[in-house]
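Chain by chain, the residues:
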Amino acid sequence: MTSLDEIVALCKRRGFIYPGSDIYGGITGFWDYGPMGVELKRNLKNEWWRTMVQSRRDVVGLDAAIIMNPDVWTASGHTKAFADPLVECKICNQRFRSDKPQELRAHEETHANKGEKVSWTEPKQFNLLTEVLLGVTEPKLTAYLRGEITQGVFVNFANVVASSRVKLPFGIAQIGKAFRNEITPGNFTFRSREFEQMELEFFVKPSDAEADKWFDYWMEERKKWYVSLGIKAENLKFRKHEDNERAHYARKAFDIEYNSPFGWSEFEGIHHRGDWDLSRHKLTYKDPQTNEEFTPWVIETSGGVDRATLFFLLEAYRKEEKRIVLGLHPKLAPMKVAVFPLVANKPELVDKAKTIYEELTKYFMVAWDERGNIGKRYLAQDEIGTPWCVTVDYATLEDDSVTVRDRDTTKQERVKVTELSGYFQKLLGIL
Ligand code: GAP
C-alpha cells in the first residue's frame, strides 16, 4: 500500500499541495494547493457538479456566504452541540479527542518510552466553530466561519422555492469552504481546520418510506460516482453510525470510508436529517397541488473535497520499476495532454509544437515541456498523471502527424494533427 509519506513528498515535489504559510514555519491544519493541486481539485468539483446538478432536473445549485448571522448557528444547534470531547494529558498538557482511542494510545506510548504513565483530565465538550469579530465599533459582533456549508442551503430554502420551479422531491447542491477548530488536525489534509465540502441537501415528503428510499438511492449513487472516477470498489465501504456517535441533527448516518494507509477513514457522510434544520429555522413547504403545508425531511450527501482529493491521489499512485505513475482518471488529471518538440534547438519543430499546443489549449489544460530528453519529459508527466504526451518530430514536418504516447501502457501511435483535438475529446468522453 502507498504510504502517506510518499504522497506528501510527491505533492510538494510536483506542486499539488504545500503546507500553508510554509515560509513562516507553517500553521497547523491549513494547506495550500499548487498548480497541479488546484487543477485536480477543480476537476473533481466540476465532475461532482456535472453529476449532481448539471445532469439532473431535480437539483439546483447555490453559493451562500461563508459568514452568516450568528443566530443561524444558535437555531441550528451548532453553538451548543457542534463539539468534540477534549482531554488533556496531565504530564505535558497536550490536548486530544477522547473519542479517538488510537491517538490517545500513541501519546501514552511516547510517555511510556520515557518511563512515564499518562493520566487524562475528564473529557470536556470543545466547540469546533471558529469565531470571527466583525464591525468597526466596540463591542464587535461575534460571528462564525461556517462549520458546515449546509446551513446556507437551509436559510435559503424559501428563496429557492419562490424563485425557481423546484417541486418536492428536489435537491439544493453547494460546494464551498468550511472551517472547524479541530483539536488534533493531522494525517496531511485529512483533518484540516479549513477544508472544502461538496454537499447535496435533498428535500423529500416527511414519510419513513420516502426517506428510506432516497437514503438508499443516494448511498448507492455516491459510491458509484467514486468508482466511476477510479476508486476500486474494494477500497470503499459503508459504516453505519452508532446511536452515540451521530451528529446532533442526524436520525440516521452512514459514512463512506476509504481503505487508507491510516486505516478505514470517512470521506463522505450520508445523513437523514429529518426536519431538524427546516423546523429550527421555522421554514415550511406548501404543496402546489394540494396546498398542504408541512416541513420536508432532508437526506444529505456531504463529501469532503480535500479528503476525496487525497484518496484519489493515494489510489492513483503506483511505483513501477523505472517510474512513478499517477494513474488518475483522465477526467481528474490536472493536465490532459503534454506537448513536446522532439528537440528544443530546431525552430521548425518548436513552432509546429507551439501551434499544436495553442490549438489544444482551446479545449483542455495542456502542459508544455522542451527541457532535457524525451524520456525524462515522459517520466515527469507520468508523475503528475498526464494521460497523453504528444511529440512533434521530423516526420511531423513531412506528414503532419505526431506521436501520441499513452501514460498507462506507454504505447505510442501516430495521429494526424488535424484530428488531434477530436481524438482527445473522444478519449475524454466529451465528443
Ligand atoms: N453537513 C454535514 C457535515 O458537515 P460531516 O460528516 O461533519 O457532515 C462531511 O462532514 C465531510 O466533510 C466529511 O466526510 C469529510 O470529508 C469532510 N470534513 C469534515 N471535517 C473535516 C476536516 N476537519 N478536514 C477535512 N475534511 C473534513
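Residues numbered from 1 in each chain as written. Predicted model: local features only at pLDDT ≥ 70, side-chain atom pairs only at ≥ 80, totals over all residues. Heavy atoms only, no water.

Novice: What should I look at first to understand the overall build of the protein chain in this one?
Specialist: Looking only at helices and strands, the protein chain has 14 helices and 23 strands in total. Counting only C-alpha atoms, the protein chain reaches 75 × 75 × 50 Å along its principal axes. Relative to its 431 residues, the protein chain shows a buried fraction of 51%. Long-range pairs, those at least 24 residues apart, make up 65% of the contacts in the protein chain between residues at least 6 apart in sequence. Of the roughly 21000 Å² that the protein chain leaves accessible, carbon and sulfur atoms contribute 50%. Positive and negative charge centroids in the protein chain, built from 62 and 65 side chains respectively, lie 1 Å apart. (Helix = DSSP H or I, 4+ residues; strand = E, 2+ residues; numbered from the N terminus. Buried < 20%, exposed > 50% of the residue type's maximum accessible area, 1.4 Å probe, protein only. Contact = heavy atoms within 4.5 Å. Areas by Shrake-Rupley, 256 points an atom, 1.4 Å probe, with all protein chains shown as cover. Lys, Arg positive; Asp, Glu negative; His and termini not counted. Charge placed at Lys NZ, Arg CZ, Asp CG, Glu CD.)

Novice: When you look at the domain arrangement of the protein chain in this model, what are you seeing that I'm missing?
Specialist: For an interface, size is often stated in terms of accessible area lost upon the parts coming together. By domain assignment, the protein chain separates into domain 1 (4-68 + 132-315), domain 2 (83-127) and domain 3 (337-427). A separation of 29 Å is found between the C-alpha centroids of domain 1 and domain 2. Of the residues lining the interface, 5 residues belong to domain 1; the matching set on domain 2 comes to 9 residues. Summed over both sides, the interface between domain 1 and domain 2 buries roughly 570 Å², with carbon and sulfur atoms accounting for 55% of that surface. Of all residues in domain 1, Ile183, Thr184 and Arg191 bury the most surface against domain 2, accounting for 77% of the area lost on that side. Connecting domain 1 to domain 2 are 2 salt bridges. Measuring nitrogen to oxygen at the nearest pair gives 3.1 Å for the salt bridge that ties Arg191 to Glu103. Our count for the contact surface shared by domain 1 and domain 2 stands at 2 residue pairs in polar contact (both at pLDDT 80 or more). Split by residue class, the side of domain 1 that touches domain 2 holds 1 nonpolar, 2 polar and 2 charged. (Domains from an automatic or database assignment. Buried area = accessible area lost by both parts, 1.4 Å probe. Salt bridge = Lys/Arg side-chain N within 4 Å of Asp/Glu carboxyl O. Polar contact = N/O pair within 3.5 Å; in protein donor to acceptor, adjacent residues only side chain to side chain. Nonpolar A, V, L, I, M, F, W, Y, C, P; charged D, E, K, R; others polar.)

Novice: Which parts of the structure should I look at to understand the nonpolar core?
Specialist: The nonpolar side chains of soluble globular proteins are, as a tendency, buried together. Counting residues in hydrophobic clusters, the biggest one holds 60 residues, and the most contacted among them are Phe16, Tyr226 and Phe312. At 8 residues, the largest contribution of residues to this core is made by helix H10 (residues 305-316). Here this core gathers at least three residues from each of two domains, domain 1 (4-68 + 132-315) and domain 3 (337-427). Residue contacts for Tyr226: discarding those within four places in its chain leaves Met198, Ile231, Leu236, Ile256, Phe267, Glu268, Ala308 and Phe312. Leu360, Phe364, Val402 and Val415 belong to the second-largest nonpolar core, a separate cluster that totals 18 residues. (Core = buried A, V, L, I, M, F, W, Y, C linked by side-chain atoms within 4.5 Å.)

Novice: So what exactly am I meant to see when it comes to the site of the ligand here?
Specialist: Taken together, 22 residues form the shell around the ligand, and within it Glu148, Thr150, Glu182, Glu199 and Glu266 come nearest. Thr150 places a side-chain nitrogen or oxygen 2.7 Å from a nitrogen atom of the ligand. Out of a free accessible area of 550 Å², the ligand has 94% covered by protein chains. Among the secondary structure elements, those contributing two or more residues to the shell around the ligand are strand S10 (194-204), strand S13 (263-274) and strand S16 (297-304). In terms of residue count, the dominant contributor to the shell around the ligand is S13 (6 residues). Split by residue class, the shell around the ligand holds 4 nonpolar, 8 polar and 10 charged. (Near = heavy atom within 4 Å.)

Novice: What am I meant to see in the sheet that holds strand S5 (residues 95-97) here?
Specialist: Across the sheet, which stays open at both edges, the 3 strands sit in the order S5-S4-S6 with antiparallel pairing between neighbours. The open sheet has two edge strands, S5 and strand S6 (124-127), and neither has a second partner. If you compare each strand with its neighbour and ignore which way they point, the axes differ by 50 degrees on average. Looking at chain direction, strand S4 (residues 83-88) and S5 are connected through 3 bridges and run antiparallel. Bridging from a neighbouring strand, Val87 pairs with Phe96 of S5. (Pairing = 2+ DSSP bridges. Axes fitted to C-alpha atoms, helices over the stretch in contact; angles between N-to-C directions.)

Novice: What is the right way to read the packing of helix H2 (residues 35-54) against helix H8 (residues 208-228) from this model?
Specialist: Packed helices, taken two at a time, are described by the angle between their axes plus the distance between the axes. Two elements in contact, H2 and H8, have axes separated by 12 Å at closest approach and are oriented at 140 degrees. With respect to each other, H2 and H8 are oriented oblique. For H2 against H8, the interelement crossing comes out right-handed. Residues Leu44, Glu47, Trp48, Thr51 and Met52 of H2 form the contact with H8, whose own contacting residues are Trp218, Arg222 and Trp225. Residues of the contact of H2 with H8, tallied by class, amount to 5 nonpolar, 1 polar and 2 charged. (Parallel < 35°, antiparallel > 145°, perpendicular 65-115°, else oblique. Left-handed = near helix turned anticlockwise from the far one by under 90°.)

Novice: In this structure, what is going on with the packing of helix H1 (residues 4-13) against H10? I would like to understand it.
Specialist: Taken N-terminus to C-terminus, the directions of H1 and H10 make an angle of 105 degrees; their axes are 10 Å apart at the nearest point. As the angle between them shows, H1 and H10 are arranged roughly perpendicular. In contact with Leu4, Ile7 and Cys11 of H1, H10 contributes Leu310, Leu313 and Leu314. Classifying every residue of the contact of H1 with H10 by side-chain character gives 6 nonpolar, no polar and no charged.

Novice: Would you take a moment to explain the sheet that holds strand S21 (residues 388-392) for this structure?
Specialist: Adjacent strands of a sheet pair through backbone hydrogen bonds, lying either parallel or antiparallel. Strand order in this open sheet of 5 strands is S20-S19-S21-S22-S23, and the pairing throughout is mixed. Bordering the open sheet on either side are strand S20 (366-368) and strand S23 (412-416), each of which pairs with just one other strand. Adjacent strand axes in the sheet meet at a mean angle of 30 degrees, parallel and antiparallel pairs treated alike. Here strand S22 (residues 401-406) runs beside S23; their pairing, made up of 5 bridges, is antiparallel.

Novice: Explain the environment of Thr137 here, please?
Specialist: Structurally, Thr137 is set in the loop between strand S7 (130-134) and strand S8 (141-145). Overall, Thr137 belongs to the exposed group, its relative accessible area being 57%. As for Thr137 and Ala247, which are separated by 110 residues in sequence, their C-alpha atoms are 36 Å apart.

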